[in-house]
Structures are given as structure tokens and as C-alpha cells.
Amino acid sequence: MIEVGRPGGAREIEVPTQRGLPATLPVLPLRDTVTFPETLVPLAVGQERSMALINDALGGDRLIAMVASRDPEIEAPGPEHLYDVGVVGVVARMLKVPDGTLRILVQATQRIRVTGYAHTDPYLVAQVEELPDISTTETPELLALVRNVQATFTNIVEQVPYLPEELHVAVANLDDPGALSHLIAGALRLRTEEKQALLEERDVAKRLRRLSEMLARELEVVALGSKIQSQVQSELDRTQREYFLRQQLRAIQDELGEGDEMQAEANELREQLDALELPEAVRKQVDRELARLERLPPAAAEHGVIRSYLEWIASMPWSARTQDNLNLRHARRVLDEDHYDIEQVKDRILEFLAVRKLMAEREDVPARSSILCLVGPPGVGKTSLGRSIARALGRRFERISVGGVRDEAEIRGHRRTYIGAMPGVIVRALRDAGTRNPLFMIDEIDKMGADFRGDPASAMLEVLDPEQNATFRDHYLDLPFDLSEVMFVTTANTLETIPGPLRDRMETIQLAGYTEAEKLEIARRYLVPRQVERNGLRPSQIAFSDAALKVVIAEYTREAGVRGLEREIGSICRKVARQVAEGKARRKVAIGAARARELLGKRRVFSETRRRTSEPGVATGLAWTPAGGDVLFVEATAMPGSGKLTITGQLGDVMRESAQAALSWVRSHPPDGVADDWFARHDLHVHVPAGAIPKDGPSAGVTMATALWSLLSGRPVRSDVAMTGEITLTGQVLPIGGLKEKALAAQRSGIRHVIAPARNAQDADEIPAHLRRDLELHFVERIDEVLEQALGPRRARRRAAA
């Protein structure tokens, strides 16, 4: 008898004994469940048609067919959604729950196959046939399969909580292989497809073999889960142990009066670092160092080192950046506001910015920042150009001076093992900029040195290489930092002292000196207003005339740039400021030529060209220096002797060889009237004044040959002529460099004619147009043409005697 619960009470019903299988049975679809013969299955029934089926079954023979659904998501599966193989069950118990659904307990009896459906309304009724196991004789293989399945299932029961211990006893006492496979398959948590495959397998041996494979897999999963659980428990135990130890440590620190200070300091650093978007490698290092800091007392020497290290990391701009302004019109306007003329340089900078704009619009090509190197004499505006580029782009500007740096650690920092270690200038500049894409102006890169502490120029190779600086690693931080977004602009007076590998990484932009007209315009637009403001004056209190500025340029300065000019203008402003402060200047002070001379004192710059070249044996040459072009004089004289040549003026080897070549050409092509043995009976002395200044280079060859020819012929060199060019033994004039700078030097000295090699004619376009109008350039191929242009009329008293 079975008790069936119902609202208002319960009643006893009699379970009939199993009879023959009917031809048709009502079908109860199962979701995510497969029942096996000879098992007792609890089920929950909630659909109306299924509840009607159960009620009808309880009113009859209580037999139902249970078939699994292929798709558990379908609420009311039809015949096409059900498997063909299921089991017959007897509804043993039913209970109605308050929510209106049913709970039933079904005793599964035998396996069936659905051959068709009689009807589908109000519920499914199927035509079924019995599907018994294929009779299998007991063989050693079957016995081994049974024992293996029993042993494996026993291990699983001992390790998983959802299988009751009673199953272990039931399996051990079950001798029927078929019933054993049904009991174990129904108890395991397998996928519906796997359980259905076991149900449909009629061969007991094959079913046991497949079940053995599933049990082995399940045992491996259970073992792995146990291992994971053990690891988790171990980690929890370790965490709890650390927690208790930290609590004890905190109590000890509180007794010593150190706890609150340490914790507050560590918490403050942690909050700062947690607010940053740090790369993964940096985050790991930060967590490691913070853990060390929290364990160390403030009195420990390592505590201050770690704290400083973490503060440096917190101050770095790991993700902060500014938005570039790539508007070329805006950039042009900024450059024109800050700098006068230098159109070629401005065009090159705008081309550079145009490339950056196009690269920023392309996502398929990674942006690579090229390195600009501004080369030119002092005072021509190299540093201010860098500031203008930063202002045009909207980037932060940081200036790094590396002139005189000899320690490689100044660039890449010191390792933390040293006392007083700190990062290098690159990291310090990044911290000061506050963004990861500033503009760095590296000043005087040509003046870095090297000694036993390392070569800073070699350290710069990584900084200025777009292929490497994406992972720049400072020795102090010892963490990779991406410098590829930083725009580098370097400055130098000369390229010769920059190592070749470093020079190859930079794109050079040459800045020549300014002409007098350009200096006048720069002084009027920029220098005078700036000095008036810096000296506390107002524009209504002082005014400079163009004549005054021309006097300052011509008589008190001689330079390629305008630094000295600004200094002299500032001197005038200071003197006027004193007069204003003393109440002596009540009206606007007008600075004319005479007043400028009065305020600045004696004239400091004189043109010595005419005085020096008035005698034979003196020629005017042009030279290039890191400070711009300059004028040099070559003097030659003869005295009785044995044919020796003396060269003075602190000349380098190349310049001495040029003097030897010039003398050899003059000896092979002497002026008319010079005796054949004249060179054997006289010594020659070639001198280049300003002996305290080292000089070298081949471009003074034609000047030396002209001075020697002038001496021998007695014809002085014209005072308004200067020359440059390398000479060969055959009399050819070879090209030189720096023609623009040399032409500017000639213009500053009042020279109107410049003789240069013919192969330098293409460089004449670099000379400003207004300067070419005031300066006549003569391009020659041989020394004979130089002599024809340079020598004046003969003077008998200096003519070479036989």
C-alpha cells in the first residue's frame, strides 16, 4: 500500500503487481533527466497536460512511459522533440504542493521503444514495444568490467558529497551486470546525451565498458576538484595566518609608537598608486615594494629608500598626455610671431609637423617620432625655436642641458644600491612635465664628454632611437617607460663633435647667422620691447631709432646671432632706467646714433680689412666656426735664409698642409721677375693672427697662395675682397662648406667681393636675396682667376729682388 497526499488528508492505495506491457502508454516528457530501468525516480510535474496525465494514470493502472526531451528549452515538446527510447514507470506516490504543482515518485521497470504516437491531445500517447537487454553469458571480461565499475564508483562515492554512502553498499551487493549499470548511470551527474546513449545500449558488456570510461573521467574530474579545493583551503589558511601575524605585528608597533605613522604613510602611497593606470609589470613591482614597505619599521635604512622609490613611481605620468594641435596655420602663425625670417627653417618644421598630422590620421602605421637637431652658432634662436614648436603643438616644454655632462648615470640614473641614488635627467624631466608626450629640448648635445664614469652620448643612443625608446629603462626605476610619444629637439653649435651613431639618429636643420638687416628687424620687433619691459621701462619712456640700432650692430657687436646685441640694448635701457628713477628724464628718451655711442662708450668693433691688406703679403680669408662665419688674415713675409718655411698661428695639420701646397704651387708658378734661386736664398714665414685660437681646415689654401703671390709680386690684395677655397698642386680650387656663414661674416666686415669655388655656386641660393644684392660673388675654378680678381697694382718697394 502507498500513501498518496492530497489537500485535506491522505489515502491508502494499493500498488498493483506488474502485468504485461500495454500496446499504448501515456508519455511523460522529461527535461534534463533520463531514467533507467529498475530505479526509483522522484519527479516534479508542473505543466497542465502532464498533471492531467498523472491524474489519469492514478485513476487507471498508473503506468506511464518516461522519455527524455532532446531540447530542454522547449516547454511543451512534441513527438519530434523526444528520443525514441525510454522506460516504463509506475507512479508510486503523488503529492500536491501549495503552488499547484505535483511531486511524484516513479518506479521505473523496463526499457521500451516508441514506435509511433496514437494521439497528442490532451497529452502524448505512444505505441511502444519492449526493448530488453541482449542476453550475455558471464565471461571473465564481463566480470572484470563489473569489478572495475564497482571499484571506480566506490572511489567516487567516497569523494563527492552528492552521492550517499548507501549507494556504496547497494553497488557492492548487486550481482546483476545490467541492473548494476542502470543503478550507477542513474546516480551519476552525466550529460543528458551520455545518459541516453547508455540507456539505448542493449549490450550489457558494451554498456559497462562505456560506463567505465565515463567513471574514469569523472574520477579524474573529482580528483582535480579535490586538488583545487585543497589549494584554496591552503591559501585561505596562509592568508589567515598572515592576518594573525600582521595583527600581532601591528600590536607590537602600536606599543612602540610606530604603527599609526607607518600605516598612514603606506596607505597614502597605496591610494596614490591605485589611482594611476599603471602597466601590468609596473603594478607588480609596486605591489611588491608596498608589501616590503609595510613590513619595515621607519627606523630601518631600507624604509626611506623604498618610500622614495615608490614616490618617484607615483609622480611619473604613466597615462597622462596632452592633445596635439596639428593645425599647420596655427603653427605657422606661432613661428612667425616668435621668429623673423629663417623661412627655410620654418618650412622644414612645418613639413615635420605635416608628417606628424598625416601619421596621426593613419591607424595602420605606427607613429614614429623623428628627432630634430638644430645646428647653428650661438644666439640664432635654436632654443626659442624649440619653445615655439612646443607652443604650436600645445605640448609641455622641458629643457635638458647636457653640455659638459660626463657621467652616463646623469642620463640613465643611478642604481638603487647606491646611497643618494636618483633617476636620470630624462625621468626627472618627465616628472616635471607631468605628461608622457612633452617636447624635450636637449641643449648643447655636441658638448657631452666621456670619462671613467661612462659615455653619456652612448646612453643617448637609446633615448633618441625611435626603435628602442618605447621600452626605455632608467637604472633607478628599473621599469620600462615608453618614450615614443616624446618629441625630442636637440641643439648643437657643430656636428663634428657629435658621435656618428648619435648623429645618424637625428635629422639636422642648419641655422646660419643673421645679416645686419635681419638683426635690425629682430631688434626692432623682439629685442627692444623685451629689454624695455625687463628693465622696468614703458614704451612711452624710451624709443630707439634705426640709426641707433645700426650703430649698436656695427660698432659694438660682431656675432652671428643677436645675444650680444640684446645685451647692449639692455645696457642702454638700464642707463635710461637710472635716469628715469633719479628724475632726470621727464620726457620720452629718444635714442639716436649719437646718444647710443654716448651711453655705450668707446667703439669696440673695427674693420681692419683695409688697414691690414694695404701692404703686399696680406690676404683676407673667410672661415667657418661653431660661432658662425669669421674673417681671418693670412700674412706672409720673406727674409734671407736657406729656403725654409715657418708656419705659425696655432694651425692644425690640415691647415699646415694647405700652406705647403700653396707654397709648392707658387714656387712652380712664380711671378715674372723672380729669380730661379730666390726660394733657395730666402726663408718664408706664413702667419695667421689670433694665435690663441686654434685653427684648422683646408679652405684657407687659396688665401695662403694669394698672400705668397702678393708678397713675391709686390701687389697688395684688394681690401674689399675676401676669399675661401681649397687649393691643389695643379692650381685647382676645390669646394668648401659653410658658404652662407662665410658670406655673412664678409658682410659684417664691410667686404663687398667674395671669391669662392665654382662648385659652390649652387649654395648661393642659401644666401638672403638682399645680401646677394650688396655682396658680389665671384666663382672660380683655378687659382689664376683668384689672383686676377684679388690683386691690386704693383708696388715696387715690396717687389721680390733677384
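Residues numbered from 1 in each chain as written. Predicted model: local features only at pLDDT ≥ 70, side-chain atom pairs only at ≥ 80, totals over all residues. Heavy atoms only, no water.

**A few points about the side chain of S658**
Worth spelling out the cut-off: Helix and strand labels come from DSSP, where a helix needs a run of H or I of at least four residues and a strand needs a run of E of at least two; each type is numbered from the N terminus. Working definition: with a 1.4 Å probe on protein chains only, accessible area under 20% of the residue-type maximum means buried, over 50% means exposed, and in between means partly exposed. The contact definition used throughout considers only heavy atoms, calling two residues in contact when any of these lie within 4.5 Å.
For S658, the location among the structural elements is in helix α22 (residues 653-668). The exposure class of S658 is buried, given its relative accessible area of 8%. Leave out the neighbours within four places in its chain, and S658 touches G697, P698, G701, M704 and I727.

**Quick word on the pattern of salt bridges**
Counted only if it meets this: Note on definitions: salt bridges are taken to be side-chain nitrogens of Lys or Arg within 4 Å of carboxyl oxygens of Asp or Glu.
In the structure shown here, the tally under the stated rule is 45 salt bridges. Taking the shortest distance from any N to any O, the salt bridge between R217 and E194 comes out at 2.7 Å. With a gap of 23 residues between them, R217 in helix α6 (residues 204-256) and E194 in helix α5 (residues 192-200) connect regions that are remote in the sequence. When salt bridges that share partners are traced, they join R191, E193, E194 and R217 into one network.

**Let's talk about the confidence of the model for the protein**
Low pLDDT means the predicted coordinates in that region are not meant to be read closely. Formally: The quantity known as pLDDT measures the predictor's confidence residue by residue, on a range of 0 to 100.
In this model, the protein carries an average pLDDT of 83, and 92% of its residues clear a pLDDT of 70 or more. Every residue in residues 1-18 scores below 50 in pLDDT, and together they form 30 contacts with partners more than four places removed in sequence or on other chains. Across residues 795-802, where pLDDT falls below 50, the model places 21 contacts with residues more than four positions away in sequence or in other chains.

**Topic: the packing of aromatic side chains**
Formally: In this analysis, rings of Phe, Tyr and Trp, with Trp reduced to its six-membered ring, are considered paired at centre separations within 6.5 Å, and the interplanar angle assigns stacked below 30 degrees, edge-to-face beyond 60, and tilted for intermediate values. Should the NZ of a Lys or the CZ of an Arg lie within 6 Å of a ring centre and within 35 degrees of the ring normal, that charge is described as sitting over the ring.
Applying the stated rule across the entire model yields five aromatic pairs. A centroid spacing of 5.2 Å and a plane angle of 55° characterise the contact between W318 and F481, whose relative ring orientation is tilted. Of the two residues, W318 sits in the loop between α9 (301-315) and α10 (328-338) while F481 sits in strand β13 (residues 480-481), which places them 163 residues apart along the sequence. One exposure class covers both W318 and F481, and it is buried. We note R416 situated over the ring of Y309; from NZ or CZ to the ring centre the distance is 3.7 Å. For R436, the ring lying beneath its charged end belongs to F481, and the centroid distance is 5.7 Å.

**Details of helix α11 (residues 343-361)**
This is how the line gets drawn: A helix is expected to span 1.5 Å for every residue after the first.
In this model, α11 (19 residues) spans 27 Å end to end at C-alpha, consistent with the 27 Å of a helix rising 1.5 Å per residue. Among the residues making up α11, those that are buried are V345, K346, R348, I349, L350, F352, L353 and R356.

**Concerning the sheet that holds strand β9 (residues 371-375)**
Two strands in a sheet stick together by hydrogen bonds in their backbones, pointing the same way (parallel) or opposite ways (antiparallel). Note the following rule: The criterion for strand pairing is that DSSP finds at least two bridges linking the strands in question. Structural elements are reduced to axes, namely lines fitted to C-alpha atoms, with helices fitted over the stretch in contact, and the angle between N-to-C directions of any two is expressed from 0 to 180 degrees.
Pairing in this open sheet of five strands is parallel, and the strands run β10-β11-β14-β9-β15 from one edge to the other. The strands lining the two open edges of the sheet, one partner per strand, are β10 (397-401) and β15 (506-510). Strand-to-strand twist across the sheet, computed as the mean angle between neighbouring axes with direction ignored, equals 25°. Pairing analysis gives four bridges linking strand β11 (residues 439-443) to strand β14 (residues 487-492), with the strands arranged parallel. Counted as the bridge partner of L439 is M487 from β14. Sitting on the sheet, helix α12 (residues 382-393) is in contact with β9, β10, β11 and β14, with an inclination near 175° to β11.

**Points about the pairing of strand β25 (residues 753-757)**
This is how it is decided: Classification remark: right-handed applies to a crossover when, strands pointing away from the viewer, the course from the first strand over the helix to the second runs clockwise.
Judged by how many residues are buried, β25 sits mostly within the fold: five of five residues are covered. Judged from the three bridges that link them, strand β22 (residues 721-723) and β25 form a sheet pairing that is parallel. Its bridge partner being in β25, V721 is matched across the sheet by H753. Inspection of the sheet shows β25 paired to strand β26 (residues 776-780) by five bridges, in the parallel sense. The partner of A756 across the bridge, within β26, is F779. Regarding the hand of the β-α-β motif, the stretch spanning β25, helix α26 (residues 769-774) and β26 is right-handed.

**What to know about a negative patch on the surface**
What counts here: Here a patch means residues that are over 30% exposed by relative accessible area and free of salt bridges, tied together within 9 Å if like-charged and within 5 Å if nonpolar (Val, Leu, Ile, Met, Phe, Trp, Tyr). We get accessible surface area from the Shrake-Rupley algorithm with a probe of 1.4 Å; when it comes to residues, only the shown protein chains can shield them. The charge count includes Lys and Arg as positive and Asp and Glu as negative, but it does not include His or the ends of the chains. Charged groups are reduced to one reference atom each: NZ for lysine, CZ for arginine, CG for aspartic acid, CD for glutamic acid.
A surface patch of like charges, here negative, comprises E38, E138, D175 and D176. Note on placement: E38 falls in the loop between β3 (24-30) and β4 (40-45). The exposure class of E38 is exposed, given its relative accessible area of 52%.

**Describing the packing of helix α18 (residues 546-556) against helix α20 (residues 593-600)**
What counts, and what does not: Angle categories are assigned with fixed cut-offs, so that under 35 degrees is roughly parallel, over 145 is roughly antiparallel, 65 to 115 is roughly perpendicular, and the rest are oblique. Definitions for this section: a left-handed crossing has its near helix turned counterclockwise from the far helix by less than a right angle. A right-handed crossing has that turn clockwise. Only Asp, Glu, Lys and Arg are considered charged, only Ala, Val, Leu, Ile, Met, Phe, Trp, Tyr, Cys and Pro nonpolar, and every remaining residue, Gly among them, polar.
Taken N-terminus to C-terminus, the directions of α18 and α20 make an angle of 45°; their axes are 7 Å apart at the nearest point. Here α18 is positioned oblique relative to α20, judged by the angle of their axes. You can see that α18 and α20 cross each other, and the crossing is right-handed. From α18, A547, A548, V551, V552, E555 and Y556 reach across to α20, where they touch A593, A596, R597 and L600. Of the residues assigned to the contact of α18 with α20, the class counts are eight nonpolar, no polar and two charged.

**Focus on unusual backbone geometry**
Here the amide bond leading from D121 into P122 is cis, since omega sits at 10°, within 30 degrees of zero. Its place among the elements puts P122 in the loop between β7 (102-119) and β8 (125-130). Positive phi values are uncommon outside glycine, yet E38 reaches one of about 65°. Here the phi dihedral of Q650 falls at roughly 55°; this positive angle occurs in a residue that is not glycine. Along the polypeptide, Q650 turns up in the loop between β20 (645-648) and α22. For Q650, a relative accessible area of 43% translates into the label partly exposed.

**Some remarks on the nonpolar core**
Heads up, the condition is: Among buried residues, the Ala, Val, Leu, Ile, Met, Phe, Trp, Tyr and Cys ones that are joined through side-chain atoms within 4.5 Å form a nonpolar core.
Membership of the largest hydrophobic core comes to 66 residues, with the highest contact counts inside it found for I54, I104, F153 and I184. Residues Y514, V552, I553 and I569 belong to the second largest nonpolar core, which totals 55 residues.

**Some remarks on the packing of α10 against α12**
Taken N-terminus to C-terminus, the directions of α10 and α12 make an angle of 150°; their axes are 9 Å apart at the nearest point. When the axis of α10 is compared with that of α12, the two are roughly antiparallel. For the pair α10 and α12, the sense of crossing is right-handed. In this structure, α10 uses H330, A331, V334, L335, E337 and D338 to contact α12, whose residues at the interface are L385, S388, R391 and A392. The residue inventory of the contact of α10 with α12, partitioned by class, reads five nonpolar, two polar and three charged.

**Overview of helix α25 (residues 739-748)**
Across the ten residues of α25, ten count as buried, placing the element largely inside the fold. Every buried residue belonging to α25 is among L739, K740, E741, K742, A743, L744, A745, A746, Q747 and R748, and all of these are buried. On its buried face, α25 sits against α17 (516-534), β18 (618-625), β19 (628-640), β25, α26 and β26. Positive backbone phi, approximately 80°, marks G750, located one or two places after α25.

**Quick look at the pairing of strand β21 (residues 682-687)**
For β19 and β21, the ladder comprises six bridges, and the chain directions are antiparallel. Note that in β21 the partner of M639 across the bridge is D683. Bridge count between β20 and β21: four bridges; the pairing is parallel. In the sheet register, T646 faces β21, and the bridge partner there is H685.

**Examining the side chain of E201**
When you line up the elements, E201 lands in the loop between α5 and α6. Of the side chains bearing the opposite charge, R210 lies closest to the buried E201, which forms no salt bridge; the N-O distance is 4.2 Å. Beyond its immediate sequence surroundings of up to four residues, E201 is in contact with R111, D133, K206, R207 and R210.

**Some words on the environment of I306**
In this structure, I306 sits in helix α9. Exposure remark for I306: the relative accessible area of 0% places this residue in the buried category. Sequence-wise, I306 and T101 are 205 residues apart; in three dimensions their C-alpha atoms are separated by 67 Å. In this view, I306 contacts E289, R292, L293 and L296; residues no more than four positions away in its chain are not counted.

**What to know about a nonpolar patch on the surface**
Together, L224, I228, V232 and L236 line one region of the surface with nonpolar side chains, adding up to about 350 Å² of accessible area. Tracing the sequence through the fold places L224 in helix α6.

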